[in-house]
Amino acid sequence: MVKTFQAYLPNKCHRLYSCVHCRAHLANHDELISKSFQGSQGRAYLFNSVVNIGCGPAEERVLLTGLHAVADIFCECCKTTLGWKYEHAFESSQKYKEGKFIIELAHMIKDNGWD
């Protein structure tokens, strides 16, 4: 049996996003790139980096902005699929997404210091 250690974002990160299902930390607000994305279950956010995420195998998918190689991502703590990681963009205008993460709003909650 493999034990997974949960990462906690530092207290200085006053605005965090957490998994709505188990409250594991997912991302710091400072890592948010865009709120203008669409996931399979509605609106989604694009992040530069995330924590407590597992990644499935990459596969090619035709998304709203064209063909991409993406890998589904899931919460390491509760195993819920949260979104995907852009592994490769085939169109030059979409290259900025490579290595970035999409998390659907349906699967995350704002934590810590949101007024």
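Provided above is the structure to which this section pertains.
What you are looking at is a predicted structure, and each value in this text was computed from that prediction instead of being measured.

Asker: Account for the sheet that holds strand β9 (residues 108-111), with residues named and values stated.
Answerer: Pairing is antiparallel in the open sheet, where three strands are placed in the order β2-β1-β9. The open sheet terminates on both sides in strands that have one partner only, identified here as β2 (25-28) and β9. Recorded for the sheet is a direction-independent mean angle of 30° between the axes of neighbouring strands. Examined bridge by bridge, strand β1 (residues 16-19) and β2 share three bridges and lie antiparallel to one another. Each bridged residue has a counterpart across the sheet, and for Ser18 the counterpart in β2 is His25.

Asker: Account for the sheet that holds strand β5 (residues 53-63), naming residues and giving values.
Answerer: By definition, the strands of a sheet pair up through backbone hydrogen bonds, in either a parallel or an antiparallel sense. The six strands are arranged β3-β4-β8-β7-β6-β5 in an open sheet whose pairing can be described as antiparallel. Pairing within the sheet leaves two strands with one partner each, and these edge strands are β3 (32-39) and β5. Going across the sheet, the axis of each strand differs from the next one's by a mean of 30°, ignoring polarity. Direction of pairing for β3 relative to strand β4 (residues 42-47): antiparallel, over a ladder of five bridges. The residue bridging Ser34 from the neighbouring strand is Leu46, located in β4.

Asker: Kindly report on the packing of aromatic side chains, identifying the contributing residues and their values.
Answerer: To describe a pair of aromatic rings, one takes the distance between the centres and the angle between the planes. Evaluated as defined, the whole model comprises four aromatic pairs. Measuring from ring centre to ring centre gives 5.3 Å for Tyr17 and Phe47, while their planes differ by 70°; the resulting arrangement is edge-to-face. Here Tyr17 is found in strand β1, whereas its partner Phe47 is found in strand β4, with 30 residues between them in sequence. Using a relative accessible area of 2% as the deciding quantity, one classes Tyr17 as buried. You can call Phe47 buried: its relative accessible area is 0%. Judged by centre distance (6.3 Å) and plane angle (80°), the rings of Trp84 and Tyr86 are edge-to-face. Classification of Tyr86 by relative accessible area gives buried; the value is 3%. Following the ring pairs from residue to residue traces out a cluster consisting of Tyr17, Tyr45 and Phe47.

Asker: So, the pattern of salt bridges: which residues are in play, and what are the values?
Answerer: Taken as a whole and judged by the stated rule, the model has five salt bridges. Put simply, Arg23 and Asp111 hold a salt bridge, and the shortest N to O gap is 2.4 Å. Taken as a pair, Arg23 in the loop between β1 and β2 and Asp111 in strand β9 lie far apart in primary sequence, 88 residues in all. With a relative accessible area of 14%, Asp111 lands in the buried category.

Asker: Now, about a nonpolar patch on the surface: what can you tell me, with residues and values included?
Answerer: Judged by side-chain polarity, Val62, Leu67 and Phe90 come together as a nonpolar surface patch covering roughly 280 Å² of accessible area. By the secondary structure assignment, Val62 is in strand β5.

Asker: Quick one: what's the story with the environment of Phe101, residue by residue and with numbers?
Answerer: Inspection of the secondary structure assignment puts Phe101 in strand β8 (residues 101-104). Between the C-alpha atom of Phe101 and that of Asp72, which follows or precedes it by 29 residues, the distance is 9.5 Å. In this structure, Phe101 is in contact with Tyr45, Leu46, Phe47, Asn48, Ser49, Val50, Ile73, Trp84 and Lys85, ignoring residues within four places of it in sequence.

Definitions and cut-offs
Residues numbered from 1 in each chain as written. Predicted model: local features only at pLDDT ≥ 70, side-chain atom pairs only at ≥ 80, totals over all residues. Heavy atoms only, no water. Pairing = 2+ DSSP bridges. Helix = DSSP H or I, 4+ residues; strand = E, 2+ residues; numbered from the N terminus. Axes fitted to C-alpha atoms, helices over the stretch in contact; angles between N-to-C directions. Phe/Tyr/Trp six-rings, centres within 6.5 Å; stacked < 30°, edge-to-face > 60°. Buried < 20%, exposed > 50% of the residue type's maximum accessible area, 1.4 Å probe, protein only. Salt bridge = Lys/Arg side-chain N within 4 Å of Asp/Glu carboxyl O. Patch = residues over 30% accessible without salt bridge, like charges linked within 9 Å, V, L, I, M, F, W, Y side chains within 5 Å. Areas by Shrake-Rupley, 256 points an atom, 1.4 Å probe, with all protein chains shown as cover. Contact = heavy atoms within 4.5 Å.

Without other data, these values stay purely geometric and don't point to any function.
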